[in-house]
Amino acid sequence: MADFAARAEALDRTDPLAGFRSRFILPDGVIYLDGNSLGLMQHSVASRLARTASKEWAEGVIRSWGGAGWFDLPMTAGDRIAPLIGVGRGEVAVGDSTSANLFKCLAAALHLRPGRSVILAEGDNFPTDTYIASGLAGLVERAELRFLEPGEALSDRIGAETAVVLMSHVDYRTAEIRDMAAVNAAAHAAGALVLWDLSHSTGAVPVDLVAADADMAVGCTYKYLNGGPGAPAFAWIHSRFYPEVRQPLSGWMGHLAPFGFERDYAAAPGARRLVCGTPQILSLAALDEALAIWDDVDLAALFEKGRRMTAFFIEVVETECRDLGLQLAVPRDCDRRGSHVSFRHASGFEIMQALASEGVIGDFRAPDTMRFGFAPLYLTFTEVYQAAVRLRDILVERRWDAPAFRKRTVVT
Ligand SMILES: *Cc1c(COP(=O)(O)O)cnc(C)c1O
């Protein structure tokens, strides 16, 4: 044990990202292993929100649409995300939720592949992805939703009817990283497009959409991008598809001339047409500020720290919690693993509740997955070590086996 503690300390001492931790507001008495669900707030975001409210809103009022850059914020925030996903400036639109952006992009894909009807979606993807695909398929007469089940080869399921493949780049339960370039190549060979969900990737693992010859992508900003609860999501469609790109939520803010008040819709050039209605300025301002930190981050160092943290957690847990009923549910190969670690346990729900009651916050994904997220910007290896020790103690002493931890009312 002392050995692990000493190693954690040494890793912290030589951590090139250690300086970023002080930019975050760290909740008291908490080891936060849920940054893959809702990232922590930065001090600068609190001040930016206050300024946006008191200066831009209260004083500037309607003048702030131009004067404070509100109108352009969906695209300026998008420019901050672009380098994290390997695309150019002006190509990423921020707004609405990931769910809404999935709808826009799937519909755009169907439009771009007129002779084809099938949306081929991963059967074990995050539920909103499948729910949205199903909602769209129910609405568009020619569209049909089919599932690619775990273990099935894409090449066996894709065909001349496939319009678009919908996939998560990093699986929300198993942390598995898909081979983006290979999936794109296989889909393109069959004439289909691929829509990538980058919710568990952006800010956690390398993403290079253009290099991987991707078609379109969406993603969350409140996870590793720390944009805040309900922060607006992003969407990107490769420039080769413009100007044909059509998305059905053709609101006035994506119009070529929103203030021309014309009867007929004419799409703005490029990604601006992915914007629907009036942007959520308070949320966008918080996100825009939260994204500023990425200007200073060495991405290679960040990804390396993520790999080391997840590897270290797995090693300590597997050593200390041997024969305690835990089953590793993520790839052992660092290069195939995102920045979270899942263990399965029949009493996983109760264990996560017990951990939370002792200040270690992770989350639980039904039916039996205990999930621990490792946000490299603000976590220390010592915290990773301490969390593993707490988990061991709870398991050894069966501290999770108490009525209070069985109540399934807590949402994390
Ligand atoms: C978190 C997450 C979402 C969230 O969608 P919202 O519309 O923001 O609620 C969508 N897809 C995946 C894969 C996610 O991990």
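These numbers come from a predicted model, not from an experiment.

Conventions used here
Residues numbered from 1 in each chain as written. Predicted model: local features only at pLDDT ≥ 70, side-chain atom pairs only at ≥ 80, totals over all residues. Heavy atoms only, no water. Domains from an automatic or database assignment. Contact = heavy atoms within 4.5 Å. Buried area = accessible area lost by both parts, 1.4 Å probe. Salt bridge = Lys/Arg side-chain N within 4 Å of Asp/Glu carboxyl O. Near = heavy atom within 4 Å. Polar contact = N/O pair within 3.5 Å; in protein donor to acceptor, adjacent residues only side chain to side chain. Areas by Shrake-Rupley, 256 points an atom, 1.4 Å probe, with all protein chains shown as cover. Helix = DSSP H or I, 4+ residues; strand = E, 2+ residues; numbered from the N terminus. Nonpolar A, V, L, I, M, F, W, Y, C, P; charged D, E, K, R; others polar. UniProt positions renumbered as here; feature names shortened; annotations may be inferred. Buried < 20%, exposed > 50% of the residue type's maximum accessible area, 1.4 Å probe, protein only. Core = buried A, V, L, I, M, F, W, Y, C linked by side-chain atoms within 4.5 Å. Pairing = 2+ DSSP bridges. Axes fitted to C-alpha atoms, helices over the stretch in contact; angles between N-to-C directions. Phe/Tyr/Trp six-rings, centres within 6.5 Å; stacked < 30°, edge-to-face > 60°. Lys NZ or Arg CZ within 6 Å of the ring centre and 35° of its normal.

Partitioning the protein into structural domains gives domain 1 (4–17 + 298–405) and domain 2 (47–295). The C-alpha centroid of domain 2 is placed 30 Å from the C-alpha centroid of domain 1. Taken together, the contacts link 21 residues of domain 1 with 19 residues of domain 2. Surface buried jointly by domain 1 and domain 2 totals about 1600 Å² across both partners, of which 61% is contributed by carbon and sulfur atoms. Of all residues in domain 1, Phe303, His340 and Leu377 bury the most surface against domain 2, accounting for 29% of the area lost on that side. On the surface where domain 1 and domain 2 come into contact, there are one salt bridge. Here Glu176 makes a salt bridge to Arg336, at a shortest N to O gap of 3.0 Å.

Near the ligand you find 13 residues, and of these Ser99, Asp129, Asp197, Tyr222 and Lys223 are the closest. With respect to the ligand, the side chain of His200 contributes an N or O atom lying 3.1 Å from an oxygen atom. Alone, the ligand offers 390 Å² of accessible surface; in the complex the protein occludes 87% of this. Within the residue set of the shell around the ligand, elements represented by two or more residues are α5 (98–112) and α6 (127–139). Within the shell around the ligand, the residues separate by chemical class into three nonpolar, seven polar and three charged.

Glancing now at the UniProt feature "binding site: pyridoxal 5'-phosphate" (unreviewed entry) in the protein. In the numbering used here, UniProt assigns the feature "binding site: pyridoxal 5'-phosphate" (unreviewed entry) to Thr98, Ser99, Phe126, Pro127, Thr128, Asp129, Asp197, His200, Tyr222, Trp252 and Thr278. The named residues occupy 181 residues along the chain; their greatest pairwise C-alpha distance, 30.5 Å, places them well apart from one another. What makes Pro127 partly exposed here is its relative accessible area of 28%. Take Asp197: it is sitting in strand β6 (residues 193–197). Those residues in contact with Asp197, other than ones at most four positions away along the chain, are Thr98, Leu102, Asp129, Met167, Ser168, His169, Val218 and Gly219.

Okay, the nonpolar core next. Among the nonpolar cores identified, the biggest contains 94 residues, and Leu209, Phe313 and Phe372 are the most heavily contacted of them. Residue-level mapping places this core at the junction of two domains, with at least three residues from each of domain 1 (4–17 + 298–405) and domain 2 (47–295). Excluding anything up to four places from it in sequence, Phe313 contacts Val341, Phe343, Phe372, Phe374, Val384, Ala387 and Ala388. Counting residues in each nonpolar core, the second largest holds 34 residues, with Leu102, Leu112, Ile132 and Val164 among its members.

Next up on the list: the sheet that holds strand β4 (residues 144–148). By definition, the strands of a sheet pair up through backbone hydrogen bonds, in either a parallel or an antiparallel sense. Pairing is mixed in the open sheet, where seven strands are placed in the order β2-β8-β7-β6-β5-β3-β4. Only two strands of the sheet have a single partner each, and these edge strands are β2 (92–94) and β4. Averaged over all neighbouring strand pairs, the angle between strand axes comes to 20°, with direction disregarded. Judged from the four bridges that link them, strand β7 (residues 216–219) and strand β8 (residues 234–237) form a sheet pairing that is antiparallel. Bridge pairing in β8 places Ala217 opposite Trp236.

The UniProt record annotates "modified residue: N6-(pyridoxal phosphate)lysine" (unreviewed entry) at Lys223. Looking at the secondary structure, you find Lys223 in the loop between β7 and β8. Using a relative accessible area of 7% as the deciding quantity, one classes Lys223 as buried. Ignoring any residue separated from it by four or fewer positions in sequence, one finds Lys223 in contact with Gly35, Asn36, Ser37, Gly39, Ser199 and His200.

This part is about the packing of aromatic side chains. The description of an aromatic ring pair uses the distance of the two centres, along with the angle that the planes make with each other. Going through the model one piece at a time under the given rule, you end up with 13 aromatic pairs. Ring centres of Phe259 and Phe261 lie 6.1 Å apart, and the angle between their planes is 75°; this geometry places the pair in the edge-to-face category. For the pair formed by Phe259 and Phe261, the shared burial category is exposed. The interplanar angle of 50° and the centroid separation of 4.9 Å between the aromatic rings of Phe313 and Phe372 together place this pair among those described as tilted. A residue pair is termed long-range when its members are at least 10 positions apart, and Phe313 in helix α10 (residues 299–320) and Phe372 in strand β13 (residues 369–373) qualify at 59 residues. The burial state of Phe313 is the same as that of Phe372; both residues are buried. By way of ring pairs, the aromatic residues Phe71, Trp252, Phe259 and Phe261 are connected into one cluster. Taking NZ or CZ as reference, Lys223 lies 5.3 Å from the ring centre of Phe126, over its face. Above the face of the Phe71 ring, Arg272 is positioned so that its terminal group lies 4.1 Å from the ring centre.

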